[in-house]
Amino acid sequence: MAPSWMVFLLFAGCSKALENTQASTVSQKCTEDTNTFLWELTQDRPKEYAVQMYDAFGKMGSNVKGGNANRPGLLQQCRSAHGPSFSAQYCEVFLKQGTVQYFVGICVPESCGEEDVEILVLDGSLQFGQTSLIPPLPHILVNQSTQEMIMTHCLSAIAPGALDAISLFVCCVMVAIPLTATLLTAIIKWQRKREVRPSAQTSCSNTGLNLYGTYSSDINHDTEENSSSSPSITSRSFLYRCLQAFSIQNTSQGVLSTSSSVPGGGYSSLNGIRVLSLLWIICGHSAQFPVINNLDNYKNWRTTVESNALHVLTISGPVFLAVDTFLLLGGLLSARSLLGSINKADDNLSPSLVANYLLRRIKRIQPLHMFVMCLTIGLISLIQWGPYWFPFIDTLMDCKTYWWANLFLISNLLPVHEICIPWSWYLSLDFQCYATTPLLVYFYRLNRGVFIVVAGGLLLMTTVAGAVVTALMHLPVFQPSTLTSEYYVLYYYVKPYTRYGPFLIGILAGIYLTTKKDPLLKHKWQAALGWIFCLSVMAAVIGLSYILKETPASPSVPHALYQGLHRPLWALAVTWIILACEDGYGGLIKNLLSLGFWVPLSNLSFACYLTHPVFIILYIGLQETPIHYTDINFMYLFFGHLVLTLVFSYVFTLLVEKPYLLLKWRGT
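About the criteria used
- Residue numbering note: each chain is counted from 1, following its sequence as written.
- Since the coordinates come from a predicted model, pLDDT governs what is reported: local features require at least 70, and pairs of side-chain atoms require 80 or more to be given and counted, while whole-chain, interface and lining totals use all residues.
- Only hydrogens and water are set aside when side-chain values are computed; all heavy atoms of the structure are taken into account.
- The way it works is that DSSP assigns letters per residue, a run of H or I at least four long becomes a helix, a run of E at least two long becomes a strand, and they are numbered from the N terminus.
- We call two residues in contact whenever any of their non-hydrogen atoms come within 4.5 Å of each other.
- One speaks of a salt bridge when a side-chain nitrogen belonging to Lys or Arg is within 4 Å of a carboxyl oxygen belonging to Asp or Glu.
- The rule is simple: take the accessible area with a 1.4 Å probe, protein chains only, and divide by the maximum for that residue type; under 20% is buried, over 50% is exposed, in between is partly exposed.
- Side-chain atoms within 4.5 Å link the members of a nonpolar core, which is a set of buried Ala, Val, Leu, Ile, Met, Phe, Trp, Tyr and Cys residues.
- When DSSP finds two or more bridges between a pair of strands, those strands are recorded as paired.
- Cysteine sulfur pairs qualify as disulfides if the two atoms are within 2.5 Å.

Draft legend 1. Expanded view of the environment of Phe 615. Position of Phe 615 relative to the elements: it lies in helix α27 (residues 605–621). Between the C-alpha atoms of Phe 615 and Ser 286, which are 329 residues apart in sequence, the distance is 9.6 Å. With residues up to four places along the chain from it excluded, the contact list for Phe 615 reads His 641, Leu 644, Thr 645 and Phe 648.

See the structure below:
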């Protein structure tokens, strides 16, 4: 998707600014300080601050034709310069020459506001002798030699507000609770080791400190028989459960285990599928985020990825089919979970069971989701960002306005530029799809014919919706082109009515796998045909996107059909892989997907999904110079982001995610 500042590319805005310069004037202090700086440059031996400010101005580099038009300059060097009566500040001037849009980093006195800077640029006041400090691109490189002003932006520190303080406080509390529980648990264990006499053990039990010995058994016995008459026992029981749930001694158990992470066992191939899909998403984001605004050879990058299908693992081709794989797995496991709960409840699908089913899901995703949101809000106000941070500010600053959409899991229903931590749209979509599982299971139990009609109708509706939206909006199906199509994300990519298909297929697969009596595949020739169909569909889904890579200028039937069908078809192909592995026809693929190596990574997958964009944005936002695309450079970026993501995801899983999964309320 295009950077947010691209929307300011309006000629009328530039004309208006030019007219305003006739009536507007630069503030007196800004004029004096700027004249002092420019006069110092003309001296035989200019002072160091003037040299630093001049050197911090953005200069034209090579490969402008390949996309290296931006001139970021040196932000930190600019900020380190101090004149006789002023300090320097870094500003960005966004310009347009013909079809080329770029920004230039400039270093001006901090007494100049953004309006002052705009007037200085439009008046041509920033000159070194007879040479402009913001020269246009040579006419040999662009058809238009006249620069047009788009906007100016000065990078000043973001003042922390009340929401920033609250967000950081929430993060600190969410981390402090498990650390405190861990310390108390360690003290209790240490105390137990010192208890060598029965009298000492009895004494500790009476004081309520021996949580692992007599106290815990007393709690269990008393709460069963005397809970109604002993509120203090109930309170102590709740505190005990909290201590158990939040201590790292308990949350760390099983996270790095190689035993199956799927509840109830089985489905061993799901761990490999989940992790490989996650790696695809991280790899894609590692490539996508820098491409948005800080590659110095964007045009070269686009030519490379559009001509090589291997780059589908990063960002080309159909957009993140791995997300549809996640939706498929979500639907499969949601159906299995609900059917298992119904079986435990004496085959009764009651409203209370459905409510408990949804509450478990909220408890599963919201603690870490809210933690990452608060952490992101806090980081914005604490870190000194670089020149490439600006395009992200508007998006992330929306957290202060639209945080409630994340809380209620409806962020994907907002316009995409208003979503707090934009990658969280998936959690809202997933929960909205998750909430439909009880309804479909109800129809399945009520009448199989009604169930088939409802499920088929929903699948047809979501397929038609994707096709119609694509035709009416002239949407692309190929990733690089979507960088210039805001409508793609706004009306198609994050909406439940276009993305429900894979989740629905997952629900159907989950119901089948949970209720089947006999294996689907009984002969090897059936398995062979299934594998041929599966691999052919996957190849067609990827290959056709390259054939349809151009964005249509008018409603296109091939683009519409592809957009409506390719995600459900991908989900069906992945479903076949799961079914074949479960029925014993997976062969080497099952052996690969069922390796124990995938299990601990699968346990961290949710935290990895939420945290990896934070590290990517931190890396980009702190850059002072553009990134040069080569395959090897981006491979190192991917592995660097991956290692950081895994390390911090392990920590966040222990401290934030798992405690709430282990915490059991009465009756759950």
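Now that the structure is up, let's keep going.
Draft legend 2. Examining the pattern of salt bridges more closely. This structure, assessed with the given rule, holds 7 salt bridges. Linking Asp 324 and Arg 567 is a salt bridge whose minimum nitrogen-to-oxygen distance equals 2.6 Å. Placement of Asp 324 in helix α13 (residues 321–344) and of Arg 567 in helix α24 (residues 557–582) is noted, with a sequence separation of 243 residues between them. Accessibility classification places Asp 324 together with Arg 567 in one group, the buried group. The partner of Asp 347 in a salt bridge is Arg 445, with the nearest N and O atoms 2.8 Å apart.

Draft legend 3. Local environment of the nonpolar core. Counting 166 residues, the largest nonpolar core has Phe 37, Ile 106, Leu 368, Tyr 493, Ile 577 and Ile 578 as the members making the most contacts within it. Dropping the residues within four chain positions of it, Tyr 493 is found in contact with Val 319, Phe 320, Val 323, Trp 425, Tyr 488, Arg 499 and Arg 567.

Draft legend 4. Quick look at the pairing of strand β2 (residues 100–109). For β2, the tally of buried residues reaches 9 of 10 residues, placing the bulk of the element in the interior. As consecutive antiparallel partners, strand β1 (residues 88–97) and β2 are separated by 2 residues, and within that stretch Gly 98 has a phi angle of approximately 60°, a positive value.

Draft legend 5. Broad picture of the state of the cysteines. All chains considered together, the criterion is met by 3 disulfides. Between the sulfur atoms of Cys 30 and its disulfide partner Cys 112 the distance amounts to 1.9 Å. Disulfide Cys 30-Cys 112: torsion about the S-S bond near 95°, hence right-handed. Pair noted here: Cys 30 is in helix α2 (residues 28–41) and Cys 112 is in the loop between β2 and α5 (114–122), with a separation of 82 residues, a long-range link. Summarising the burial analysis for this pair, Cys 30 and Cys 112 share the class buried. Here Cys 78 engages in a disulfide with Cys 107; their sulfurs sit 2.1 Å apart. When the S-S torsion is 95°, as for the bridge of Cys 78 with Cys 107, the disulfide is right-handed. Here Cys 78 is found in helix α4 (residues 75–79), whereas its partner Cys 107 is found in strand β2, with 29 residues between them in sequence. Accessibility assignment for this pair places Cys 78 and Cys 107 in one class, buried. We note that Cys 172 lacks a disulfide partner, and the nearest cysteine sulfur, in Cys 171, lies 6.9 Å from it. Not part of a disulfide, Cys 534 finds its nearest cysteine sulfur in Cys 581, a span of 9.7 Å. Judged by relative accessible area, Cys 534 falls into the buried class, the value being 0%.

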